[in-house]
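Structural description and commentary
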Amino acid sequence: MAPTDFAGWLAAGATGFGLGSELYRPEYPLTEIADRARRAVEAWTTACNDTGRTVG
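Cut-offs used in this document
Residues numbered from 1 in each chain as written. Predicted model: local features only at pLDDT ≥ 70, side-chain atom pairs only at ≥ 80, totals over all residues. Heavy atoms only, no water. Phe/Tyr/Trp six-rings, centres within 6.5 Å; stacked < 30°, edge-to-face > 60°. Helix = DSSP H or I, 4+ residues; strand = E, 2+ residues; numbered from the N terminus. Buried < 20%, exposed > 50% of the residue type's maximum accessible area, 1.4 Å probe, protein only. Expected span 1.5 Å × (residues − 1). Arc of directions from axis to C-beta. Contact = heavy atoms within 4.5 Å.

Using the criterion set out here, one finds three aromatic pairs in the structure. Ring plane angle 85° and centroid distance 5.7 Å describe the contact between Phe6 and Trp44, whose orientation is recorded as edge-to-face. You can see Phe6 sitting in helix H1 (residues 6–11) and its partner Trp44 sitting in helix H2 (residues 30–51), a full 38 residues away along the chain. Per residue, the accessibility class of Phe6 equals that of Trp44, and both read buried.

This part takes up H2. Because an α-helix packs 3.6 residues into every turn, residues spaced three or four apart end up facing the same way. Given a rise of 1.5 Å per residue, 22 residues ought to cover 32 Å, and the 31 Å separating the end C-alpha atoms of H2 matches this to within 8%. Restricting attention to buried positions, one finds in H2 the residues Ile33, Arg36, Ala40, Ala43, Trp44, Ala47 and Cys48. Each buried residue of H2 lies within a common arc of 130° when the element is viewed along its axis, so the set occupies one face. H2 presents Thr31, Val41, Asn49 and Asp50 as exposed residues on the side facing more than 90 degrees away from its buried surface. Tucked inside the fold, the buried residues of H2 contact H1. Looking one or two residues past H2, Gly52 carries a phi angle of roughly 75°, positive in sign.

And the structure:
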């Protein structure tokens, strides 16, 4: 599940996601993990706003 997929899944009725290795792999430096987490939160917020869902 990539953050770019959130809006489509929300529109189809999904209520949550598991990101797993999309956010973390042992070889990722901490800066990359933080950047991936930030992008996921931004994508979630945008997808919720675009589909009329409550961000939370």
